[in-house]
Amino acid sequence: MKSSRVDQIRDKVYNSFDESLPVLMDILRIPSMSREFDNEYLTNGLLLKTAESFEQYIRQANLKNAQIQLYSDEGFSPFLFVEVEGSDGMTDGTVLFYGHMDKQPPFTGWKEGISAYDPKIIDDKLYGRGGADDGYAIMASVISIKTIQELGLKHPRIVMAFEADEESGSSHIYHYLDKLKEKIGSVDLVIALDASCGSYDRLWVTTTLRGIVVGTVTVQVLNEGIHSGESGIIPSSFRIFRQLLNRIDNPQTGDVVDDFQVIIPGKRYLETQKTAEVFKEVITKFPFHQNTQPVFQDRFLVYLNKIWRAQLSVTGGDDIPNCNQAGNVITPKTTLKLSLRLPPTKNHLEAKESFVKLLTTNVPYNASVTISGLRSGPGFNALDNQPYLDSIINQASLNYYGNEATTFGDGGAIYLMTHLQQIHPKASFLIIGVLGTGANEHGPNECLDLPNVRKLISCITEIISEVQPHIKK
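Residues numbered from 1 in each chain as written. Predicted model: local features only at pLDDT ≥ 70, side-chain atom pairs only at ≥ 80, totals over all residues. Heavy atoms only, no water.

**Looking at the overall build of the protein**
Here's step 1: The secondary structure content of the protein amounts to 13 helices and 18 strands.
Here's step 2: Across the 473 residues in the protein, those meeting the buried criterion constitute 53%.
Here's step 3: Taking the contacts inside the protein whose residues are at least 6 apart along the sequence as the reference set, 81% of them involve residues at least 24 apart.
Here's step 4: Carbon together with sulfur atoms contributes 48% to the accessible area of the protein, which is approximately 21000 Å² in total.
Here's step 5: Between the averaged position of the 45 positive side-chain charges in the protein and that of its 56 negative side-chain charges there is a distance of 3 Å. (Helix = DSSP H or I, 4+ residues; strand = E, 2+ residues; numbered from the N terminus. Buried < 20%, exposed > 50% of the residue type's maximum accessible area, 1.4 Å probe, protein only. Contact = heavy atoms within 4.5 Å. Areas by Shrake-Rupley, 256 points an atom, 1.4 Å probe, with all protein chains shown as cover. Lys, Arg positive; Asp, Glu negative; His and termini not counted. Charge placed at Lys NZ, Arg CZ, Asp CG, Glu CD.)

Written out as structure tokens, the structure reads:
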């Protein structure tokens, strides 16, 4: 692409995104959460208000030849669907944009003067829950197509699918995708905007995503609390829980048992080695407390851990009193929410079955174990893109970042990708995102690096305009 065209795209994207920021900030002020964290999501109207606000933004963008529909079917989270005719009436060849508008809970620990639902721009970063994960994606999708149209460039047929259920497992989106399958048609390229990035100096293209098993596990030994003077007779529910967790991972090393591991494909092992050489922030990006050290000091080993080795995390707990309210009482039960990340190619249904079996079979002291909220989701392992696409992606990264694009694996999950890969087996995938150093999605101080977003949208715009002749059948 000629340098003058690159400058035109950059200028138009930067201006459009900056003009959209106040709208995004208004939407982030809505205290909505994904349904897993909000039992009243169907009645309090917060998720729907978020979706309606994004719908209004899209309509006001005045995309040419666009049809916009907000669905809110009974019993389901809202869903935004946009269809844009291809330039010059082109109907064969389709690009599908994907993002989500639901949010994680606010969490605790936000810096002074910053909170989840009071977005602020500080040092070129937009702080607030749901900006980086993943509200920006809707703006990015719309701005890229609007820029192409206003500059007189060409784009293929576009469909946009924005769900409000991703943070709860994406089970609701399948209802809408099935309902709209005739409208969506055959897809040639999927652009998903919910991924991480290794740094803000290049375009990072995700080739693998981890699967997951999530469940809330309760170990119960008593019907009510008993004076701790009776310890030695009554087994500790916490100690039993520790023993059960040891069935899944080694308490000294964190190594997860073979039931949840896979043989790493040779191609991905070599990709991990290559990526680790440029992923310099894979360790330093985290806010370690005082002298805490990472699991490994070697970048390759920790990166391999993050991408291809199963890992267990405790993400929540109940039934343990706050310390200032804790008397000398043996608690009757202990409840922990567990998140087991799976290698990209591990069968998540088999893993879920193993998870339940390990935690509920031959329980010490015959204590009661119950699991609620159990769910699992598949990982993703991309097929090879068409050579022309890799070339276009790399050139876009050079044009707007000044560095070549890098492929890498993401330790998170986007359940929908495997489903789309199955129903559109010939489609290429461009899975990208803004969740880099300091973004801290899901945790406190979530932020969107604004210079990086501008460059990312510029890359998307160029890629879409350049792929148009290749996917036209």
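Read on, since the account is not over.
**Describing the environment of A276**
Here's step 1: Assignment of secondary structure puts A276 in helix α7 (residues 266–278).
Here's step 2: Here A276 falls in the buried class, since its relative accessible area comes to 5%.
Here's step 3: Separated by 18 residues in sequence, A276 and D258 have C-alpha atoms that sit 24 Å apart.

**Concerning the pairing of strand β6 (residues 157–163)**
Here's step 1: Burial runs high along β6: seven of the seven residues are buried.
Here's step 2: Direction of pairing for strand β2 (residues 79–84) relative to β6: antiparallel, over a ladder of six bridges. If you follow E83 over to β6, its bridge partner there is V159.
Here's step 3: Looking at chain direction, strand β3 (residues 94–100) and β6 are connected through seven bridges and run parallel. In the strand pairing of β6, Y98 is matched with A161. (Pairing = 2+ DSSP bridges.)

**Examining the UniProt feature "domain: Peptidase M20 dimerisation" (unreviewed entry) in the protein**
Here's step 1: Here, the residues flagged by UniProt with the feature "domain: Peptidase M20 dimerisation" (unreviewed entry) are residues 209–362.
Here's step 2: With 32% helix and 21% strand, the stretch residues 209–362 has end C-alpha atoms that lie 33 Å from each other. (UniProt positions renumbered as here; feature names shortened; annotations may be inferred.)

**Points about α7**
Here's step 1: For α7, the complete set of buried residues consists of R268, E271, T272, T275 and A276. With its buried residues spanning 135° around the axis, α7 presents them on a single face. Pointing more than 90 degrees away from the buried face of α7 are the exposed residues L270, K274 and E277.
Here's step 2: Here the buried face of α7 lies against β8 (204–209), α9 (299–308), β15 (380–381) and β16 (406–410). (Arc of directions from axis to C-beta.)

**Quick word on the pattern of salt bridges**
When charged atoms on two side chains of opposite charge get close, those side chains can pair.
Here's step 1: Tallied over the full model, the rule gives 18 salt bridges.
Here's step 2: One salt bridge connects R29 with D26, and the closest N-O pair in it is separated by 2.6 Å.
Here's step 3: Residue classification places D26 among the partly exposed positions, given a relative accessible area of 47%.
Here's step 4: One salt bridge in this structure joins E83 and R157, with 2.9 Å as the shortest N-O distance. Placement of E83 in strand β2 and of R157 in strand β6 is noted, with a sequence separation of 74 residues between them.
Here's step 5: Taking the relative accessible area as the measure of exposure, E83 reaches 17% and is therefore buried.
Here's step 6: R157 sits in the buried class, given a relative accessible area of 10%.
Here's step 7: Overlapping salt bridges bring together K12, K146 and E150 as one network. (Salt bridge = Lys/Arg side-chain N within 4 Å of Asp/Glu carboxyl O.)

**Notes on the sheet that holds strand β13 (residues 333–342)**
Here's step 1: Pairing within the open sheet is antiparallel, and its four strands lie in the order β11-β13-β9-β14. Because the sheet does not close on itself, it has two edges, and the strands there are β11 (311–318) and β14 (368–377). Taking each pair of neighbouring strands and ignoring which way they run, the sheet shows an average axis angle of 20°.
Here's step 2: Bridge count between strand β9 (residues 211–220) and β14: eight bridges; the pairing is antiparallel. Following the sheet pairing, T218 is matched in β14 by T370.
Here's step 3: This element, helix α6 (residues 237–246), spans β9, β11, β13 and β14 of the sheet and lies at about 15° to β13. (Axes fitted to C-alpha atoms, helices over the stretch in contact; angles between N-to-C directions.)

**Some thoughts on the sheet that holds strand β5 (residues 125–127)**
Here's step 1: Taken in spatial order, the three strands of this open sheet run β4-β5-β18, and their pairing is antiparallel. The open sheet has two edge strands with one neighbour each: β4 (120–122) and β18 (447–449). The average undirected angle you get between the axes of adjacent strands in this sheet is 25°.
Here's step 2: Relative to the sheet, helix α1 (residues 3–28) contacts β4, β5 and β18, its axis offset from that of β5 by approximately 15°.

**Topic: the packing of α1 against helix α2 (residues 46–61)**
Here's step 1: Packing of α1 against α2 leaves a shortest axis separation of 10 Å and a crossing angle of 165°. Compared by their axis directions, α1 and α2 come out roughly antiparallel. As for the relative orientation of α1 and α2, their crossing is right-handed in sense. On α2, the residues touching S20, V23, L24 and I27 of α1 are T50, S53, F54 and Y57. (Parallel < 35°, antiparallel > 145°, perpendicular 65-115°, else oblique. Left-handed = near helix turned anticlockwise from the far one by under 90°.)

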